[in-house]
Amino acid sequence: METALTRLRGRLARVDGPRLWWLPTDDPDLSTLVDLGVADGTAQRLLDRQPVDPPAQLTRLLRRGTSTVAWPVSDAPSTDEISTLAGWWDARTDPDEGPGAGSLLPADDGGSVLEGVVVPRESLTGSSTAPVGAAAVPLADVPGVTALGSDSRMAGLLADAGPDTAQVGAGAVTQRLLADTLAAHQEAPDTARSMVLAPPRGTVVPLRLLDQVVEGFEAATWTEPVRAADLVAAAGDLPPATLTVVAPQEDVLGGLTAYLAPAASPLDPGRARSLVRIEDELDGLTEVLADTDAVRSWQPVLPGLWSARWRGAPDPWSRTWRTLRDLSAETRARVHANPSTINFLSDQGLMQVTVINDLPVAVHDVQARLVPDRALLRVVDQPGPVSIGPGSRATVSFSARAVTRGQTQVTAELTTPNGTELGDDAVVDVRVQPTGTWIYWVLGGLAGVLLVMGTVRALRRPGPDRAAPAAATAAPTTPTTSATPGTSATPGTSATPGTPAPPSTPGAPSTPSTPSTPTKEQHP
């Protein structure tokens, strides 16, 4: 394949630059984009795409040609469709560097970046039986754009040339093509006219037939090759035309219309939305994955699913689309929050949720958002970005405030910075039991009980100014009791070691005690 591409680039390198008109990268299906009403931003990204890592030979080719022509896959394009395309071309970015640098021309005053659009000849003449005339005509309702009418009969003959060559040979097919141009010339031999040969996409012309056709046109005295750019330049002197919205007519062209009618596109509104969503998901994954090589290898495939080459090939398109969709979904699902149950027993405090990364690469800048499903709980502060290593988990903390008692669920939503959802939303069951006012009543009651107990205890304990209790009877003035050595006695009382004094009688005056003087026992 690469050898064939190199050979083709070599042939194109020998062609004059003004003859090279380039379609946007991957040939987006312009008619389908307009019919589906895709957003201007989506169309702009498709039209501004550059080839990924192109070889130097291709880069030089793209810089020599121009990208100011559109070729929608439509057998009867409308003025509104061409007007939409002209607006998209006006918004295209001409890169200063890269493969397509300099391939777009700035719009002139009142003009358009889009210089030419290829349409069936019937779109200008209104009939497949109309005589051949000027192939390039300015459009009345789209200023600055010239319509290039492709001859439907010649396009059909070229599309049918492959099977015909296998049956009757390349020479016979070449003669048929030349005879068709001769018949057109003889309709008005003295009038200069033009024909544009634009075989349908996918046309396969055997190489030996193509060589013979080129040589035959060069040798024919009634034809002369003309650059398409020259046709566009000469169209400025012609009166503008309005598109007729007439398709090639089967009753005139017969079986050739089977080659001219575009096959159905696999794209529909639902699939178009899916492609836009997958593109956003892949962009979001590149924002959080530490290693993006795998995702970046998928990204060039996705824009190719908008291409016109998928017409008539719904099954291969579906397989490619499902592969990209499943890869994106599987990658996103492996970064998720862990469901759990939390008892929230305060008026306000911190709650924690565990985020798990099952991918073999680290993730960073993961956004976490906690959303209660009932007004029992309010999230005061959402957590900040989270970074998690490969095959690891991290704890996310957030501040919450209880409103009232009850049970609620908090949904943990994980996203990338561009809003792409990661994993399934995990549900955290929360039992909210705020302390409320009852805790203050309990604490106040406990404080009151402690205060009463402390007061009672203080009243029962002897104070520092209280005296020892007095005896119930008056004590004699003369000591009558002898003290055993090691004890002391007070007047009128005897003290026994380890025996406390009797309590004083309430209301009795307190008598200060006098230390006793021990007496010595006399022995003869």
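Criteria and thresholds
Residues numbered from 1 in each chain as written. Predicted model: local features only at pLDDT ≥ 70, side-chain atom pairs only at ≥ 80, totals over all residues. Heavy atoms only, no water. Helix = DSSP H or I, 4+ residues; strand = E, 2+ residues; numbered from the N terminus. Expected span 1.5 Å × (residues − 1). Buried < 20%, exposed > 50% of the residue type's maximum accessible area, 1.4 Å probe, protein only. Polar contact = N/O pair within 3.5 Å; in protein donor to acceptor, adjacent residues only side chain to side chain. Salt bridge = Lys/Arg side-chain N within 4 Å of Asp/Glu carboxyl O. Pairing = 2+ DSSP bridges. Patch = residues over 30% accessible without salt bridge, like charges linked within 9 Å, V, L, I, M, F, W, Y side chains within 5 Å. Areas by Shrake-Rupley, 256 points an atom, 1.4 Å probe, with all protein chains shown as cover. Lys, Arg positive; Asp, Glu negative; His and termini not counted. Charge placed at Lys NZ, Arg CZ, Asp CG, Glu CD. pLDDT = per-residue confidence, 0-100. Contact = heavy atoms within 4.5 Å. Axes fitted to C-alpha atoms, helices over the stretch in contact; angles between N-to-C directions.

## With respect to helix α14 (residues 269-288)
Alright, step 1. Taking 1.5 Å per residue as the helical rise, α14 with its 20 residues ought to reach 28 Å, and the 29 Å between its terminal C-alpha atoms agrees with that figure.
Alright, step 2. Residues of α14 that are buried: R271, A272, S274, L275, I278, E279, E281, L282, G284, L285, T286 and V288.
Alright, step 3. With a side-chain oxygen positioned 3.2 Å from the backbone nitrogen of G270, the residue opening α14 is D268.

## Digging into the pattern of salt bridges
Alright, step 1. This structure, assessed with the given rule, holds 15 salt bridges.
Alright, step 2. The partner of E279 in a salt bridge is R45, with the nearest N and O atoms 2.9 Å apart. With E279 in helix α14 and R45 in helix α3 (residues 40-48), this pair connects stretches of sequence that are 234 residues apart.
Alright, step 3. Residue classification places R45 among the partly exposed residues on the basis of a relative accessible area of 39%.
Alright, step 4. Note that R369 and E413 form a salt bridge whose closest N and O atoms lie 3.2 Å from each other. Here E413 lies in strand β12 (residues 406-415) and R369 lies in strand β8 (residues 363-372), a separation of 44 residues in the sequence.

## Let's talk about the sheet that holds strand β4 (residues 146-150)
Alright, step 1. Strand order across the open sheet formed by four strands is β1-β2-β4-β3, with mixed pairing between neighbours. In this open sheet, the two edge strands, each paired with only one partner strand, are β1 (69-70) and β3 (136-138).
Alright, step 2. Direction of pairing for β3 relative to β4: antiparallel, over a ladder of three bridges. The partner of V137 across the bridge, within β4, is A147.

## Notes on a negative patch on the surface
Alright, step 1. A contiguous patch of negative charge on the surface is contributed by D280, D283, E287 and D365.
Alright, step 2. Structurally, the position occupied by D283 is in helix α14.
Alright, step 3. On the basis of relative accessible area, D283 is assigned to the partly exposed category, the value being 32%.

## Here's the deal with the confidence of the model for the chain
Alright, step 1. Per-residue confidence for the chain gives a mean pLDDT of 82; residues scoring 70 or more make up 82%.
Alright, step 2. Confidence scores differ between elements of the chain, with helix α18 (residues 438-460) showing the lowest mean pLDDT of 70 and helix α2 (residues 30-36) the highest of 97.
Alright, step 3. In this model, residues 467-524 is a region of pLDDT below 50 whose contacts with residues beyond four sequence positions or in other chains number 25 contacts.

## Thoughts on the sheet that holds strand β7 (residues 348-357)
Alright, step 1. Overall, antiparallel pairing links the four strands, which are arranged β5-β7-β11-β9 in an open sheet. The outermost strands of the open sheet, each flanked by one partner alone, are β5 (335-337) and β9 (377-381). With strand direction ignored, the average angle separating the axes of adjacent strands in the sheet is 40°.
Alright, step 2. Alignment of β9 against strand β11 (residues 392-402), held across four bridges, turns out to be antiparallel. Bridge pairing in β11 links D381 to S399.

## A look at the side chain of S307
Alright, step 1. One can find S307 in the loop between α16 (301-304) and α17 (314-333).
Alright, step 2. Since its relative accessible area comes to 4%, S307 is described here as buried.
Alright, step 3. Side-chain polar atoms of S307 contact the backbone oxygen of D27, separated by 3.3 Å.
Alright, step 4. Of the polar contacts made by the side chain of S307, one reaches the backbone nitrogen of R309; its length is 3.2 Å.
Alright, step 5. What S307 contacts, discounting residues up to four positions off in sequence, is D26, D27, P28 and D29.

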